[in-house]
Amino acid sequence: MKLSINTLLLVILLSRLASASSNAPAIPVIETGREAEIEELFSEIGKGETSGWSVPDISIPKDRIRAHFVGPQGQKFILDLRYPASNTRAIAKSPSFEFFVVENQNISIERATAIAQESAKQISKKDNGLFWTMKSKRLTPVIESRLGRWLSTPGGLATIAWMTAFWFLAIFLLIIVIRNKPWQDKTTRRVMIEIIILTTLSLVVRQWLMTPGAGQNVARIPIPSLPPYAYPQFGCGYGGWILSWYLILGVDDSVAFFAGGMAGALTVIPVYLLAWKGFKERWAGLVAAIAITLWPIHARLSATNDEGSLIALLLVSALALIVVAERKKSSALLVCGWLAGCLGATIRPEASLALLPLGLCVLSMPVVRRLQFRISTLLVTAVLGAVTCLAVYTAGTEAMSGGFSPLYCATNLEARGLFDLTERSLLGPPLTPWILTVLLLVGLPLAFFKTRMRALLWCCVSLLPSLPLACFSKPNIITARYHMHSVPIAAVMVGLGASWLAITLMRNWPRVGKWLVSLVTVASLVPVLTPILNPPDEPTFKLEYNFFRKHITMIPAGCKILLTQWNGDIGLRTQAYLTDLLQLEHIWIEPSIDLDASKECLVYWQAASCRATPLTIQSGDLDILPSCKSIETAYRLEPIATDNLPARPEFTDNYFIDPVPVGFFRLRPLSPSTSSRNCQDWTCWWSTTTRLFIKMSSACSLSGKSNISKSDRGAASLNR
């Protein structure tokens, strides 16, 4: 039965893959891993007619190669190599590319064009005409058009394997529960009813009382609803979790937020079991489950697009299964515990650090230790460990390739914020109500005493994955996502602390004990429920995401949307991925001088980051980012949808003005009449001055006093 159900799920997945790929048109894209081939194309630059020139930087968007040329006297220009589309503006062609000069500095456009044309000749010698890969437009940028291609890649195999293992675990545990018929026992039946009610309430809190949405602008949402072509950067786990819900509910970013909320809600089950079976106190389990249900920061962060709630679910599930395996003397439950831990370890590389204390926890429990050293259990665990190590290593080499140093982050002085319960820790104010922090501090020593210090290993399971990111501990919701694993274990300690206090009050004051417990309970619920019933104001980036998501569908199909560059934290960059996720016919491009607003549909997304400062810029140095300014001064902006958002920084964003304007604008050519009528600030004055300068230059050219070309004047206008 177990195998047939999982086989059915896999068949459904494969059929969805095949049907999605068969109906999707193909477009040319540049796959990842082509860097060496692209460098070889430019290997002749600096020789012959291009002597003295070099290409120190090459960027590779999915639809073009952008080469930055530097000359012997510091001249600079940027050359785009694009898919051949018979564009009359192309200055040269090769078997695979059309060439465009998109920016020039300290060099005339004629000279830059000449060097570019010579470079095109050299590149043509290396170009075999087979450079581009055709991929499904509805499933860009990472999916091949054939099912066999998905199953032959590490990304596709790893993601499908994770999905299969997770749902096998869920179905297998459900079968065990049904076979044991727990509803026949009065106490167990009561526990089941409490778990069902609290899990449902937990989902309601996360999806309806809180505001589901992005944990950052650049969401970690799989695109599209199919296994990735390349191995996922942070691991195959979270993508497999989201893709499962895509298959059930359809493809939409709201489904990804729902999947996060579901992971947070399901955490109620292992938290209840761990506190109940670990401390042998049902009341501790009930209070712990209530605590995780109402924990404000966990509720707020669960229904986002990040991995924290899923990692927390799997790690605490691993602990709960091992503890229950000891009570039931079950090798099957022990293997399930290891499987849950390994699934959690493949979500993010740092989550694998939890496996060490998990193993020590197994060795510290005599009954489980004997179960572990059975040949069958040992072999299955060894296979799981080997596969997990391979997956973590593969993901770790990708995730750490950007210069991130987990050792430095764990040993940095800023890492103390992870344990600072009075300021920056996720488990202390302002992110956690003070009453939960107090109960946590009461429950910790009790837990160590009751479990003979084994609860210390439980804490290590939740804390070790946070150490590589500990230096990011700040009192904000963005960095709090990295430490979500610690909340379930903290809820277990809260459950023990609260139940111990209640029992102590009723034992020492039997006459008034129940009244005191009721009074303390009501008083404790007030600070816990306040941020849930009256949630805090959402930061600007989340309001921006909601606005963007609502109005991106208003952009006409086929329009090109100009992508401005935000040089701060990656989490606040423009969410261009929604174009692919929602299957919209838009093209995101970088601004360049060859764009003609009079002949094609150009749209400008005025992001909140246009008027924000990253940490590298001192406040007051600018009032608009240069990339945004160049667009707003070179075109007439025709509003499609606009709004003014309150400036509420959260992490690295600080805004020049309040409110912050955002919106979609159709770009139109500048005209003197509209400019004089609409100029109301210094940016319009600047564009007017630029146009006057161009007019004067044109007049000089006509009178023979200047030889500035028309293309030079266009470049000067946009560069300003």
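On a predicted model such as this, the values are computed, not experimentally measured, just so you know. Numbers given to residues run from 1 along each chain, matching the order in which its sequence is written. Side-chain atom pairs in this predicted model are given and counted only at pLDDT of 80 or more, local residue features only at pLDDT of at least 70, and totals for whole chains, interfaces and linings cover all residues. Side-chain metrics rest on all non-hydrogen atoms present in the structure, leaving aside hydrogens and water.

**Structural notes on the overall build of the chain**
- For helices the rule is a DSSP run of H or I covering at least 4 residues; for strands it is a run of E covering at least 2, with both sets numbered from the N terminus onward. Along the chain, the regular secondary structure elements total 28 helices and 14 strands.
- Burial classification: accessible surface area is computed with a 1.4 Å probe over protein chains only, and a residue below 20% of its type maximum counts as buried, one above 50% as exposed, and the rest as partly exposed. Here the chain holds 720 residues, and 53% of them are scored as buried.
- In the chain, once contacts between residues fewer than 6 apart in sequence are set aside, the share between residues at least 24 apart is 75%. Contact criterion: two residues are considered in contact whenever any of their non-hydrogen atoms come within 4.5 Å of each other.

**Examining the sheet that holds strand S10 (residues 602–606)**
- Overall, mixed pairing links the five strands, which are arranged S9-S8-S10-S14-S12 in an open sheet. Every interior strand has two partners, whereas the edge strands, strand S9 (587–589) and strand S12 (636–645), have only one. The sheet shows a mean angle of 25° between the axes of neighbouring strands, taken without regard to direction.
- Paired strands, in this sense, are two strands between which DSSP finds at least two bridges. Where strand S8 (residues 560–562) lies against S9, three bridges are found, and the strand directions are parallel. The residue bridging Leu 562 from the neighbouring strand is Ile 589, located in S9.
- A fitted line through C-alpha atoms represents every axis, and for helices the fit uses only the stretch in contact; the resulting angles, taken between N-to-C directions, go from 0 to 180 degrees. Sheet contacts for helix H23 (residues 540–551): S9, S10, S12 and strand S14 (660–668); angle to S12, the most-contacted strand, approximately 135°.
- Here helix H25 (residues 626–634) sits on the sheet in contact with S8, S10, S12 and S14, set at roughly 135° to S10.

**Considerations on the pairing of strand S6 (residues 98–105)**
- For S6, the tally of buried residues reaches six of eight residues, placing the bulk of the element in the interior.
- As paired elements, strand S4 (residues 76–82) and S6 share seven bridges and run antiparallel to each other. Bridge pairing links Asp 80 to Phe 100 in S6.
- In this sheet, S6 lies alongside strand S5 (residues 92–93) in antiparallel orientation, the contact comprising two bridges.

**Side note on the packing of aromatic side chains**
- When two rings of Phe, Tyr or Trp (its six-membered ring) have centres within 6.5 Å they constitute a pair, described as stacked for plane angles under 30 degrees, edge-to-face for angles over 60, and tilted for the intermediate range. The tally for this structure, following the rule as stated, stands at 21 aromatic pairs.
- With 6.4 Å between their ring centres and 65° between their planes, Phe 97 and Phe 99 make a pair best called edge-to-face.
- Seen from their ring centres, Phe 166 and Trp 167 are 5.2 Å apart, and the 90° between their planes marks the pair as edge-to-face.
- For Trp 167, a relative accessible area of 21% translates into the label partly exposed.
- The structure contains a cluster of three or more aromatic residues connected by ring pairs, namely Trp 162, Phe 166, Trp 167, Trp 241, Trp 245 and Phe 258.
- Above the plane of the ring of Tyr 482 lies Arg 481, whose end atom (NZ or CZ) is 5.0 Å from the centre. The rule is short: NZ of Lys or CZ of Arg within 6 Å of the ring centre and within 35 degrees of the ring normal puts a charge over the ring.

**Let's talk about helix H7 (residues 237–249)**
- One fewer than the residue count of a helix, multiplied by 1.5 Å, yields its expected span. An ideal rise of 1.5 Å per residue puts 18 Å on 13 residues; H7 measures up with 19 Å between its terminal C-alpha atoms.
- Where burial is concerned, most of H7 is hidden: eleven out of the 13 residues are buried.
- Looking at H7, one finds that the buried residues are Gly 237, Tyr 238, Gly 239, Gly 240, Trp 241, Ile 242, Leu 243, Ser 244, Trp 245, Tyr 246 and Leu 247.
- In the stretch just after H7, Gly 250 is the one whose phi turns positive, near 100°.

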